[in-house]
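Chain by chain, the residues run as shown.
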Amino acid sequence: MRFWTHIPASLLLYLLLIWLFNLPVTIPGMVITGLISVVPDIIDKVTGKHRGFGHSFIFLAPAILAFMINISLGLSIVSAFITHVALDCVTKKGVPLFYPFSETRLLYPKKEKSRITTGSSREVALAMLVIFCLVPVAYGLMVGMPDLEEIWAQDEDVEENKTENNSAKEYIKRDYRRYYSPKSEDKKVEVIVKVVEIRRNYSNSLNRSFNESQLNHSLE
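Source: prediction; values computed, not measured.

1. Quick notes on the overall build of the chain
Along the chain, the regular secondary structure elements total eight helices and zero strands. Secondary structure of the chain in N-to-C order comes out as α-α-α-α-α-α-α-α. Taking contacts inside the chain between residues at least 6 apart in sequence as the whole, the part at least 24 apart equals 61%. About 15,200 Å² of surface is accessible on the chain, with carbon and sulfur atoms providing 65% of the total.

2. Some points on the packing of helix α1 (residues 3-20) against helix α2 (residues 27-36)
Packed helices, taken two at a time, are described by the angle between their axes plus the distance between the axes. α2 packs onto α1 with a crossing angle of 135 degrees between their chain directions and a minimal axis gap of 8 Å. By the angle class used here, α1 and α2 are oblique. α2 is crossed by α1, and the crossing has right-handed handedness. On α2, the residues that touch I7, S10, L11, Y14 and L15 of α1 are G29, M30, T33 and G34. Its residues assigned to classes, the contact of α1 with α2 shows five nonpolar, four polar and no charged.

3. Concerning the nonpolar core
Within the largest apolar cluster, 18 residues are counted, with the highest numbers of intra-cluster contacts made by Y14 and L15. Per-element accounting of this core gives the leading share, seven residues, to α1. Dropping the residues within four chain positions of it, Y14 is found in contact with T26, G29, M30, T33, S72, L75, S76 and S79. With twelve residues, the next largest nonpolar core counts V78, A80, V85 and V95 among its residues.

4. What about the side chain of S76?
Within the fold, S76 resides in helix α5 (residues 71-89). We classify S76 as buried; its relative accessible area is 1%. Not counting residues up to four positions away in its chain, the partners in contact with S76 are Y14, G29, I32 and T33.

5. So, a nonpolar patch on the surface
A cluster of nonpolar residues, I27, V31, L35, Y139, M142 and V143, forms a patch on the protein surface that exposes about 640 Å² of accessible area. If you list the elements that add at least two residues to the nonpolar patch, you get α2 and α6 (121-143). Inspection of the secondary structure puts I27 in helix α2.

6. A closer look at the environment of H84
Turning to its location among the elements, H84 is positioned in helix α5. Separated by 48 residues in the primary sequence, H84 and I36 place their C-alpha atoms 9.6 Å from one another. Among residues more than four places away in sequence, those in contact with H84 are H6, S37, P40, D41 and H55.

7. Re α6
Relative to the 33 Å expected for 23 residues at 1.5 Å per residue, α6 spans 33 Å between its end C-alpha atoms, a close match to the ideal helical length. Every buried residue of α6 is listed here: E123, A127, V130, L134, V137, A138, G140 and L141.

8. Regarding the confidence of the model for the chain
Taken residue by residue, the chain gives an average pLDDT of 77. The fraction at 70 or more is 65%. Taken element by element, the chain is modelled with least confidence in helix α7 (residues 148-180), mean pLDDT 54, and with most confidence in α1, mean pLDDT 92. Here residues 175-182 scores under 50 on pLDDT; set against residues more than four positions off or in separate chains, the count is seven contacts.

9. Section: unusual backbone geometry
Note: most peptide bonds trans; most residues except glycine with negative phi. The linkage connecting Y99 with the following residue, P100, adopts the cis geometry, with an omega of 10 degrees. With respect to the helices, strands and loops of the structure, P100 is situated in the loop between α5 and α6. Of note in the backbone geometry, N22 takes a positive phi value of approximately 55 degrees without being a glycine. Assignment of secondary structure puts N22 in the loop between α1 and α2. Assessed through its relative accessible area of 45%, N22 is described here as partly exposed.

Calculation rules
Residues numbered from 1 in each chain as written. Predicted model: local features only at pLDDT ≥ 70, side-chain atom pairs only at ≥ 80, totals over all residues. Heavy atoms only, no water. Helix = DSSP H or I, 4+ residues; strand = E, 2+ residues; numbered from the N terminus. Contact = heavy atoms within 4.5 Å. Areas by Shrake-Rupley, 256 points an atom, 1.4 Å probe, with all protein chains shown as cover. Axes fitted to C-alpha atoms, helices over the stretch in contact; angles between N-to-C directions. Parallel < 35°, antiparallel > 145°, perpendicular 65-115°, else oblique. Left-handed = near helix turned anticlockwise from the far one by under 90°. Nonpolar A, V, L, I, M, F, W, Y, C, P; charged D, E, K, R; others polar. Core = buried A, V, L, I, M, F, W, Y, C linked by side-chain atoms within 4.5 Å. Buried < 20%, exposed > 50% of the residue type's maximum accessible area, 1.4 Å probe, protein only. Patch = residues over 30% accessible without salt bridge, like charges linked within 9 Å, V, L, I, M, F, W, Y side chains within 5 Å. Salt bridge = Lys/Arg side-chain N within 4 Å of Asp/Glu carboxyl O. Expected span 1.5 Å × (residues − 1). pLDDT = per-residue confidence, 0-100.

Okay, structure coming up:
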């Protein structure tokens, strides 16, 4: 792949990692990432071995040391190396990832026709797609994108609201079954019948007592 594909791809991954780890976005960090993304090709030109040490996993050793110094610097090196190797693996020649221990090249996809020729129109289309994704991400991080913690907190609130709504629905269902089930209706009918009987007996007792009082009064 050409530099105009490696640079935006490394920047895209770098910015996504910066956002993931909630780190500040800096112009020097972006510049360093862009520069490191072309270092593998420069190393291979110096050593005279096309896709040799510059494309080997040994390149990750400086990244480990960089993480001990500065996390952002470490992310720059990792982003630049990963994207560079991943993109070159899609080309016709692939990448000897375990060079110098093995010169077996990592290639994908398996079909050669599906791989991209360096400098071809397909690479141009890929670079444009990467830039199309990079611009909104870079703009969002520079202006201000929501933190992942806030997004996760909102998701937790949504889940809690769903749980509360489900609990409320279950309560309503239980309450409905409690008061409107056939068994409850039968109990209501029984209670009403008993109340009517009690009132009838009470009224009868009142009438009986009234009649008895009248009879006693007449006898006197």
